[in-house]
Amino acid sequence: MIKVDLPLGDSGSPLDDCGITSLVSEIGISHSEQVERLESDLAPDEIDQQEMILTEFDQNQTGTVAANAGSQLRHIAMANQAFPWSYQQLSLAELSDALSKTMDWIDANVKGKKPHIIASAKTLERLELICLMRFMIFTGSSFDRAQEAIIYLQNQPNQDVDLTYLYTDGQPGSWRIRAIHPDYKSQVVQDNGLDRARTDYFTLPDISHSGKILSFLVSTAKWYAMPLDPPLPEYKLVRRDSKKTREQLHDLLKELDPSGRLTEQKISTFLFNRILEVSQGDICAASIICGQAHPLARVRLFYSVYSVEALQKLYLSAVEGLSGQLLKARQSKITITSPSLPENPYSVGSRLCPNFEAAKDAVNNLKMGLLENRNSDVETKFHNLYVIWMIWHFLFATACRGIITPYLPVSEIDAQTGVGLLADKDDGTGYKARFIWIPPFVLKLMGNFEKYLGLFAKSCSFTVDGHDPFFVKQDPLKNKIYAEIVRPTTLQPVMNRFLPYPVNFHRRFMRTELLTRGCPSEVVDAWMGHWNFGEEPWGPYSSFSFLEYRATLEKYLVPLMQDLGLDGTVP
């Protein structure tokens, strides 16, 4: 590990009082350890060599270069917090005012007029820019993504399109989004019927009435430039030079808001920030809905699975305010009503996430195995099942990564509060170490397990090093029995009997279930140990309260574990 201390200058601001800033470059793990972690389905970004920034307190504060570096680090820290509010973001009133002005132009120049009469290059260009603007606002798309969008006047879109609009005359339309996926570095195939059904595309209901405006564009283009290429019912949104179109979009935005607040970047990020606001900071959900792989969502995306229905409801919550404000600004008598969403069995996000019933059945089968082998002549059968029963309780309660000995001794946990310090991404810096809370019923099980482990180790005919959990293995060729430390490669074969998933499946499963049950994303991220520099719960800009975190987590974690059957009892 290489560590360089950068003393910060004192600017007089309390925000600058960060002491010594240390830049730590982590030494990469061995190739065999990388393979083991990838096979356990740990997110690749949690394995790769990385640079991490730490702070220490010291009285040595000299050097203008270091002071400048500190300012840059603080900028990164605050930027990474991704606040759902900021002066740099557009308000609902600003956007509704701009959209209302575009509707005024349509009412005056397009609506109620015959397409062959109004069809002209100028009208077509203006309509195209207005439609482009709506695509960017209501789908959270960048200019580059939105200009490639396709408008369909039927419900059979091309499967290779990132962004489309499905429009049927007289019926509410929908935006169709190609789902983003994690950047996998391993091939893991699971076809056992236990997984959550995933889809590569999902639709978002359009309550902004954009379909009618898009139909104006298509009908005008039909009369101005026949035949269309490709022919209807498929129409590419932008058919002109990209550079010129972008310049014209900037001119339109300046025309709509001479103050300069309305910009390409602001309209393209509006939906993303709105979703952050209504979802209490779920940056992963915002990335999926907007189809953009945000850097802060990379690791979270690896552990996240969202039902299509949940994404649709979240989207409606985000855009209802803008649509309502727009109707109010235009003094419309139309009221915003959320469409009835048809049942959708599909999910979007990461691979290898068992459904709830599959996980519950696995826990129940493990219980039955313990019961059947409690009085077995072969004591090692019960022992190995007891070990995995204990390890599963600990993993599901703490989101501990599948590391060597994924367990924390009771001696390292405060008996009264159930709080301990877990460093399951151990690189020697402690940067990813986090406080964990052990539910009382799990802590009681751990105490009983350790007493059993001590007695069992004394009765063994082979040597047991230390007091950590271990499996008992047999070597039939050498007729030898030996102890094997609990780690991903030894845990996997035992676990496969009950749930054939990679060792780290519990992190994906529990994150998904906690979010589904309404647990705030900030709490889930802290529980998972997910943060970049600036997002740390203990960081200088954080308002994180561990007491509030623990109280909130308990409301969701304990019922979830008990619903699964992980209740701390030993059959």
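Our structure's up above, just so we're on the same page.
Residues numbered from 1 in each chain as written. Predicted model: local features only at pLDDT ≥ 70, side-chain atom pairs only at ≥ 80, totals over all residues. Heavy atoms only, no water.

It is worth spelling out the pairing of strand β7 (residues 201-205) at this point. Most of β7 sits out of view: four of its five residues are buried. Bridge count for strand β6 (residues 171-178) against β7 is five bridges, and the pairing is antiparallel. Bridge pairing links Trp175 to Leu204 in β7. (Buried < 20%, exposed > 50% of the residue type's maximum accessible area, 1.4 Å probe, protein only. Helix = DSSP H or I, 4+ residues; strand = E, 2+ residues; numbered from the N terminus. Pairing = 2+ DSSP bridges.)

The buried fraction of helix α10 (residues 283-290) is high, at eight of eight residues. For α10, every residue scored as buried is listed here: Ile283, Cys284, Ala285, Ala286, Ser287, Ile288, Ile289 and Cys290. The positive-phi residue at the C-terminal boundary of α10 is Gly291, with phi of around 65°.

Let us now look at the packing of helix α5 (residues 121-139) against helix α8 (residues 242-256). Contact geometry for α5 and α8: axes closest at 10 Å, N-to-C directions at 80°. Comparing the axis directions of α5 and α8 gives the class roughly perpendicular. Contacts from Glu125, Arg126, Glu128, Leu129, Ile130, Leu132, Met133 and Met136 in α5 reach Lys244, Thr245, Gln248, Leu249, Leu252, Leu253, Glu255 and Leu256 in α8. Taken together, the residues of the contact of α5 with α8 break down into nine nonpolar, two polar and five charged. (Axes fitted to C-alpha atoms, helices over the stretch in contact; angles between N-to-C directions. Parallel < 35°, antiparallel > 145°, perpendicular 65-115°, else oblique. Contact = heavy atoms within 4.5 Å. Nonpolar A, V, L, I, M, F, W, Y, C, P; charged D, E, K, R; others polar.)

As a further point, take the packing of helix α18 (residues 521-528) against helix α19 (residues 546-564). To describe two helices that pack against each other, one gives the angle between their axes and the distance between the axes. In contact at an axis separation of 10 Å, α18 and α19 are set at 95° when each is read in the N-to-C sense. Our classification of the angle between α18 and α19 gives roughly perpendicular. On the side of α18, the interface is formed by Val523, Ala526 and Trp527, while α19 contributes Tyr549, Thr552, Leu553 and Leu557. The residue inventory of the contact of α18 with α19, partitioned by class, reads six nonpolar, one polar and no charged.

Once that is clear, we can look at the packing of aromatic side chains. One pass over the full model with this rule turns up 20 aromatic pairs. Ring centres of Phe382 and Tyr452 lie 6.3 Å apart, and the angle between their planes is 85°; this geometry places the pair in the edge-to-face category. Remark: Tyr452 occurs in helix α15 (residues 440-459) and Phe382 occurs in helix α14 (residues 379-398); sequence separation between them is 70 residues. You'll find Phe382 and Tyr452 in the same group, each marked buried. (Phe/Tyr/Trp six-rings, centres within 6.5 Å; stacked < 30°, edge-to-face > 60°.)

A few words on helix α13 (residues 356-373). Relative to the 26 Å expected for 18 residues at 1.5 Å per residue, α13 spans 26 Å between its end C-alpha atoms, a close match to the ideal helical length. Burial in α13 covers these residues: Phe356, Ala358, Ala359, Ala362, Val363, Leu366, Lys367, Gly369, Leu370 and Asn373. Taking the backbone nitrogen of Glu357 as reference, a side-chain oxygen 3.2 Å away marks Asn355 as the first, capping residue of α13. (Expected span 1.5 Å × (residues − 1). Polar contact = N/O pair within 3.5 Å; in protein donor to acceptor, adjacent residues only side chain to side chain.)

Our next topic: the sheet that holds strand β8 (residues 234-236). Read across the open sheet, the five strands follow the order β7-β6-β5-β4-β8; overall the sheet is mixed. Across the chains shown, the open sheet's two edge strands, defined by having one partner strand only, are β7 and β8. Neighbour to neighbour, the strand axes of the sheet diverge by 25° on average, direction disregarded. Of the pairings in the sheet, the one linking strand β4 (residues 150-152) to β8 comprises three bridges and is antiparallel in character. Within β8, the residue paired with Tyr152 across the bridge is Glu234. Most of the contacts of α5 go to β6, to which it runs at about 65°, and overall it touches β4, β5 (163-168), β6 and β8.

What follows is about unusual backbone geometry. With a phi close to 55°, Leu352 is a non-glycine residue in the positive phi region. Secondary-structure assignment places Leu352 in the loop between β10 (347-349) and α13. Phi at Ala399 is positive, roughly 60°, even though this residue is not glycine. For Ala399, the location among the structural elements is in the loop between α14 and β11 (419-422).

So, on to the nonpolar core. Counting residues in each nonpolar core, the largest one holds 145 residues, and the members touching the most others are Met133, Phe135 and Trp392. The element best represented in this core is α14, accounting for 13 residues. Excluding residues within four positions of it along the chain, Phe135 makes contact with Gly140, Ser141, Ala146, Ala149, Ile151, Leu163, Tyr165, Trp175, Leu214 and Leu237. (Core = buried A, V, L, I, M, F, W, Y, C linked by side-chain atoms within 4.5 Å.)

A few words on the side chain of Ser208. Structurally, Ser208 is set in the loop between β7 and α7 (210-224). Within polar-contact distance, the side chain of Ser208 engages the side chain of Asp206 at 2.5 Å. Only 2.7 Å separates the side chain of Ser208 from the side chain of Ser210, close enough to count as a polar contact. Residues in contact with Ser208, not counting those within four places in the same chain, are Arg134, Phe138, Trp175 and Ser323.

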